[in-house]
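Structural characterization, general
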Amino acid sequence: MGAEMRRIHVGNALSAFGLGFTVPYLYVYVAQVRDLGAVTAGLVLAVFAVAALVVLPFAGRAIVRRGPLPVLLVALVTAAVGALSLGLASNSTTVLLSAAALGAGQAVMQPALATMIVDCSSAETRSRAFATQFFLQNLGLGVGGLIGGHLVDASRASSFTLLFSIEAAMFLLLVVIMSTVRMPRAPQIKGAPAQAKGSWKQLLGNRAMVQLCVLGFVLFFACYGQFESGLSAYGVEAAGISTSALGTALAANTAMIVVAQFAVLRFVERRKRSRVIGAVGLIWAFAWVIAGYAGLGHGSQAMATAAFVSTYALFGLGEAMLSPTVAPLVADLAPSGMAGQYNSAFALVKQLALAVGPAVGGPMGASLHAPYIVTFLLFSLGITYLAVRLGRQLTPVQNQPSLAKSRVVARGGASADSVQTAA
């Protein structure tokens, strides 16, 4: 790993740390500490999603035209301003505007950092680079949430002001660190058009990318969009899971990712990407079956809790398999110079799924227990179907990058043999 990639990974870890540092406490801060009510607190959480949906279509073009680093620096400054003003806000208007700035900045960081990883990696190292990114993001989220939880005190508004001030300072520190990154030229992809225009029309004409976006929506809708909404509501209402057990389940998810990420990477790098994604669909389908047992079975409370925690752990295993698979595939499908546009489009799909997922899953998980499990079991099986279908649109090297390396070795061996014969 070169110095530039190390700095990029520091950026990924710190940006995730900032997200985990403050976002879990936004509702309490707005509704109770600032005494603005549950409605305003709900609007603040919605503003995060809306801000991301508004800025991401423009972020892709900006990354293509200006490069990922300048866009990242602007996003960091915007997020710092939003975080600081949120910590000082005392009325609804200021809180909503500050949340919009913080949400927009954090949303743009994702495709900008992903594009920097693409530009600073090769096809051979890209899967490992994205696996490292996902590992550090989860570590940053977990550590940020843990430290933030020990700093805040609902009886003291000043503790939340300190929390958001630290987040703002961290973003500004990240500006200094990322300013030292010297980006190479975007890698040229063989067979790509010489002049790629940053247009949505060109992206939508790429059938493989469109299918990957549909698959990505289902992935994020059926998993990430349920973690803190439908699945947690189902666990509490149907399975009688306590809040402490719910925290244990979330910890099990993170622990599985941290423990399994690089062990899984060795397995994933030698397999077809479409088959890996298809296997994730089957693993998640099994996870939903176990969740069904936790809430609809007739076992003891201890068995229900163990099953519920296992569900989150299985989701973590699937996430560890996806991190070195999906993000590098987005990069490999992008024509030369278009990685920023493609990363932003995929981030937009992710945000849509994360906005729709809780809205659909939350009410179902709380009251329609059996239909909830069946619905998301079918969505998980749909992931497997869509992955198999996507595999038919990919070239052999796009589907399994290790083939390119093996072909180079094979050609090298043939050349060596011919030299020996000639000698």
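Residues numbered from 1 in each chain as written. Predicted model: local features only at pLDDT ≥ 70, side-chain atom pairs only at ≥ 80, totals over all residues. Heavy atoms only, no water.

1. Some words on the overall build of the protein chain
Broken down by element type, the protein chain carries 18 helices and zero strands. Taken over C-alpha atoms, the radius of gyration comes to 22 Å for the protein chain, in line with the 22 Å a tight globule of 423 residues would show. When its C-alpha atoms are laid out on the principal axes, the protein chain stretches across 85 × 55 × 35 Å. In the protein chain, which comprises 423 residues, the proportion classed as buried is 51%. For the protein chain, contacts bridging at least 24 residues in sequence account for 86% of all contacts bridging at least 6. (Helix = DSSP H or I, 4+ residues; strand = E, 2+ residues; numbered from the N terminus. Rg over C-alpha atoms; globule rule 2.2 N^0.38 Å. Buried < 20%, exposed > 50% of the residue type's maximum accessible area, 1.4 Å probe, protein only. Contact = heavy atoms within 4.5 Å.)

2. A look at the packing of aromatic side chains
Inspection of every chain in the model, using the stated rule, returns 15 aromatic pairs. Look at Y29 and F164: their rings are 5.1 Å apart centre to centre, the planes differ by 50°, and that puts the pair in the tilted class. In this pair, Y29 sits in helix α2 (residues 26-33) while F164 sits in helix α7 (residues 157-178), placing the two residues 135 residues apart along the sequence. Look at F164 and you get buried, because its relative accessible area is 1%. Taking 6.0 Å as the distance between ring centres and 65° as the angle between the ring planes, the aromatic pair formed by F220 and F346 counts as edge-to-face. (Phe/Tyr/Trp six-rings, centres within 6.5 Å; stacked < 30°, edge-to-face > 60°.)

3. Quick notes on a nonpolar patch on the surface
A cluster of nonpolar side chains, namely L139, V143, L146, I147, V258 and V259, defines an oily patch on the protein surface of about 490 Å² accessible area. Of all the elements in the fold, those that place two or more residues in the nonpolar patch are α6 (126-151) and α11 (243-268). No other element matches the four residues that α6 contributes to the nonpolar patch. Along the chain, the position of V258 falls in helix α11. With relative accessibility at 30%, the residue V258 sits in the partly exposed group. (Patch = residues over 30% accessible without salt bridge, like charges linked within 9 Å, V, L, I, M, F, W, Y side chains within 5 Å. Areas by Shrake-Rupley, 256 points an atom, 1.4 Å probe, with all protein chains shown as cover. Salt bridge = Lys/Arg side-chain N within 4 Å of Asp/Glu carboxyl O.)

4. Looking at the packing of helix α1 (residues 3-22) against helix α5 (residues 92-119)
Where α1 meets α5, the closest approach of the two axes is 10 Å, and the angle between their N-to-C directions is 160°. Comparing the axis directions of α1 and α5 gives the class roughly antiparallel. The two elements α1 and α5 meet at a crossing, and its hand is left-handed. Side by side, α1 and α5 meet where M5, I8, H9, G11, N12, S15, G18 and L19 of the first sit next to Q106, M109, L113, M116 and I117 of the second. Here the contact of α1 with α5 is built from residues that sort into seven nonpolar, six polar and no charged. (Axes fitted to C-alpha atoms, helices over the stretch in contact; angles between N-to-C directions. Parallel < 35°, antiparallel > 145°, perpendicular 65-115°, else oblique. Left-handed = near helix turned anticlockwise from the far one by under 90°. Nonpolar A, V, L, I, M, F, W, Y, C, P; charged D, E, K, R; others polar.)

5. Looking at α7
End to end, α7 covers 32 Å across 22 residues, agreeing with the expected 32 Å (1.5 Å per residue, within 8%). For α7, every residue scored as buried is listed here: S159, F160, T161, L163, F164, E167, A168, M170, F171, L174, V175 and M178. Looking at the packing, one finds that the buried side of α7 touches α1, α2, α4 (68-88), α5 and α6. (Expected span 1.5 Å × (residues − 1).)

6. Re the pattern of salt bridges
Applying the stated rule across the entire model yields four salt bridges. Between R126 and D332 there is a salt bridge, with the nearest N and O atoms lying 3.0 Å from each other. You can see R126 sitting in helix α6 and its partner D332 sitting in helix α14 (residues 326-333), a full 206 residues away along the chain. Residues E269 and R128 are paired through a salt bridge, measuring 3.5 Å at the closest nitrogen-oxygen approach. With E269 in the loop between α11 and α12 (273-296) and R128 in helix α6, this residue pair connects regions lying 141 residues apart in the sequence. Accessibility expressed as a relative area gives 27% for E269, which makes it partly exposed. Judged by its relative accessible area of 38%, R128 falls in the partly exposed class. Salt bridges here are not isolated pairs; linked through shared partners, they connect R126, R273 and D332.

7. Things to note about unusual backbone geometry
Residues other than glycine seldom take positive phi values, yet D35 does so here, at roughly 55°. With respect to the secondary-structure elements, D35 resides in the loop between α2 and α3 (37-66). Using a relative accessible area of 64% as the deciding quantity, one classes D35 as exposed.

8. Let's talk about the environment of R273
Along the chain, the position of R273 falls in helix α12. Put simply, R273 and I177 are 96 residues apart on the chain and 34 Å apart in space, counted from C-alpha to C-alpha. Every residue in contact with R273, bar those within four places of it in the chain, is listed here: S127, T325, P328, L329, D332, Q398, N399 and P401. Within the local environment of R273, its side chain forms a polar contact with the backbone oxygen of Q398, the two atoms lying 2.8 Å apart. (Polar contact = N/O pair within 3.5 Å; in protein donor to acceptor, adjacent residues only side chain to side chain.)

9. Focus: the side chain of Q133
Structurally, the position occupied by Q133 is in helix α6. A polar side-chain atom of Q133 sits 3.1 Å from a polar atom in the side chain of N12. Residues contacting Q133, with those up to four places away along its chain left out, are H9, N12 and I117.

10. A look at the packing of helix α9 (residues 207-222) against α14
Helix-helix packing: each pair is described by the crossing angle between the helix axes and the interaxial distance. Closest axis-to-axis distance for the α9/α14 pair is 10 Å, and the angle between their directions is 160°. Viewed along their axes, α9 and α14 adopt a mutual orientation that is roughly antiparallel. For the crossing formed where α9 meets α14, the hand is left-handed. Here α9 contributes A208, M209, L212 and L219 to the contact with α14, which in turn contributes V326, L329, V330 and L333.

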